[in-house]
Amino acid sequence: MSIVPAAAQVLAVLRHLARQVGPVQAAAISRDVGLPRSTTYHLLDTLVREGFVVHLAEERRYGLGVSAFELGSGYSRQAPFQRMARVPLAALVDRTGHSAHLAVLHGREVIYVIEERAPGRAPLVTEVGVRLPAHLTASGRAMLARLAQAQVRALFPDPSAFVMRNEAGPRSLSALRALLVEVRRRGYATEEGEVTRGFSSVAAPVLDHSAHPIAGVAVTFPADEVDAEQRGRIAEQVARTAGELSRRVGGVPPL
C-alpha cells in the first residue's frame, strides 16, 4: 500500500500536537517530528487556515484548533474503537470469570469507556464515564509506563498531582517512576486495593503504530479469591486481549 508523503506529514504534525500538554513552538514540532523547518511552517500555515491548528502569535506557539476538536467529537459519537473492543473484552470476561474494562488516558486521569461485568459479580467503581487518578489504577499505570519520561514528568510536576483514595499508591514522581519501570519490565500493571479496598486489577496497554498507548485493558477481581498462579494466568489473558486490540488498530502488540 502506497503512502502519500504530504498526508503522512500532516498527520504526524497533528498527532504530535495531540500528545502535548500545551501549545508548542514550530521549531520543537520540526525537531520532534523530523521535518525540515520550511516544510513544518508550510504545513502549519495550511492547518491554521483550515482550523485544525491555532497559532498563538504572542507566544509563538501552535496548538490544536476547533476543527481538530470536531474530528474528536465525531469519533466520540461514532465510538468505533469501543465497538471494536467490546467483543474481545466480553471474551476476556468469559476466559477469566472476572469483570473487565477499557480505559483511556486523559491528562492525569483515566476515563472508563467500556465495562464488561462478569455474571454474578458486583458492580465496580469502574463504570463507563467514571474518572480515576491514572497513577492509582492498573490501566492507568499500563499506559503511563509507555509514555516518555518527559511526558510523565509534565503530568506529575509536583506532589500535589498525586491524589490518594485509600492512602496507598505512589506519592512522588520518583516513586511513580520506580513503579513504571517495574511495569515495563513485567509487561503488565497491577494495583492492590488502591482504588477499592479488597479488589485487585491487572492491566496491559493497547498501542498504536508508534507504540503510543491509546487505551488500557484491565480485569478486576476480589483479592482474596485469586492466588498468585491464577493472577499470572489472568495477566496472560489481559495481555492477549490488549495485543489483539493493538493489532486491530494497526498498532504494535505490547511485549
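Residues numbered from 1 in each chain as written. Predicted model: local features only at pLDDT ≥ 70, side-chain atom pairs only at ≥ 80, totals over all residues. Heavy atoms only, no water.

This part is about the nonpolar core. A general feature of soluble globular proteins is that nonpolar side chains tend to end up buried together. Ranked by internal contacts, the top residues of the largest apolar core, which has 26 residues, are Val110, Leu144, Val152, Phe156, Phe162, Leu176 and Leu180. Within the residue set of this core, elements represented by two or more residues are β4 (109-116), α6 (138-144), α7 (149-155) and α8 (173-186). In terms of nonpolar packing, the next biggest core, distinct from the first, is built from 23 residues, Phe81, Leu89, Val202 and Ala242 among them. (Core = buried A, V, L, I, M, F, W, Y, C linked by side-chain atoms within 4.5 Å. Buried < 20%, exposed > 50% of the residue type's maximum accessible area, 1.4 Å probe, protein only. Helix = DSSP H or I, 4+ residues; strand = E, 2+ residues; numbered from the N terminus.)

Here the focus is the packing of helix α1 (residues 5-18) against helix α3 (residues 37-49). The interhelical angle for the contact between α1 and α3, taken along N-to-C directions, is 80°, at an axis separation of 10 Å. As the angle between them shows, α1 and α3 are arranged roughly perpendicular. Of the residues in α3, those in contact with Gln9, Val10, Val13 and Leu14 of α1 are Thr39, Leu43, Leu44 and Leu47. Of the residues that constitute the contact of α1 with α3, the class distribution is six nonpolar, two polar and no charged. (Axes fitted to C-alpha atoms, helices over the stretch in contact; angles between N-to-C directions. Parallel < 35°, antiparallel > 145°, perpendicular 65-115°, else oblique. Contact = heavy atoms within 4.5 Å. Nonpolar A, V, L, I, M, F, W, Y, C, P; charged D, E, K, R; others polar.)

It is worth spelling out the packing of α1 against helix α2 (residues 26-33) at this point. At a minimum axis distance of 10 Å, the contact between α1 and α2 shows a crossing angle of 110°. With respect to their mutual orientation, α1 and α2 come out roughly perpendicular. Handedness of the α1/α2 crossing: right-handed. For the pair formed by α1 and α2, the contact residues are Ala12, Val13, His16 and Leu17 on the first element and Ala28, Ile29, Asp32 and Val33 on the second. Split by residue class, the contact of α1 with α2 holds six nonpolar, one polar and one charged. (Left-handed = near helix turned anticlockwise from the far one by under 90°.)

With four bridges connecting them, strand β1 (residues 53-56) and strand β2 (residues 61-64) associate as antiparallel partners. Across the sheet, the residue bridging to His55 is Tyr62, located in β2. Between β1 and β2, which pair antiparallel one after the other, the connecting turn spans four residues, and Arg60 there sits at a positive phi close to 55°. (Pairing = 2+ DSSP bridges.)

For the rest of this paragraph, the subject is α3. An ideal rise of 1.5 Å per residue puts 18 Å on 13 residues; α3 measures up with 18 Å between its terminal C-alpha atoms. Of the surrounding secondary structure, the elements contacted by the buried residues of α3 are α1, α2, β1 and β2. Remark: Gly51 follows α3 within two positions and exhibits a positive phi of approximately 85°. (Expected span 1.5 Å × (residues − 1).)

According to the stated counting rule, one finds one aromatic pair in the structure shown. Note that Arg186 overlies the ring of Tyr188, its terminal NZ or CZ placed 5.0 Å from the centroid. (Phe/Tyr/Trp six-rings, centres within 6.5 Å; stacked < 30°, edge-to-face > 60°. Lys NZ or Arg CZ within 6 Å of the ring centre and 35° of its normal.)

For the rest of this paragraph, the subject is α8. Taking 1.5 Å per residue as the helical rise, α8 with its 14 residues ought to reach 20 Å, and the 20 Å between its terminal C-alpha atoms agrees with that figure. Turning to α8, its buried residues are Leu173, Leu176, Leu180 and Val183. Projected onto a plane normal to the axis of α8, the buried residues spread over an arc of 80° and lie on a single side. Exposed residues on α8 whose side chains face more than 90 degrees from its buried face are Ser174 and Arg185. Buried residues along α8 sit against α6, α7 and β6 (189-192). Positive phi appears at Gly187, one or two residues downstream of α8, with a value of about 95°. (Arc of directions from axis to C-beta.)

Just geometry here; none of it tells us what the structure is for.
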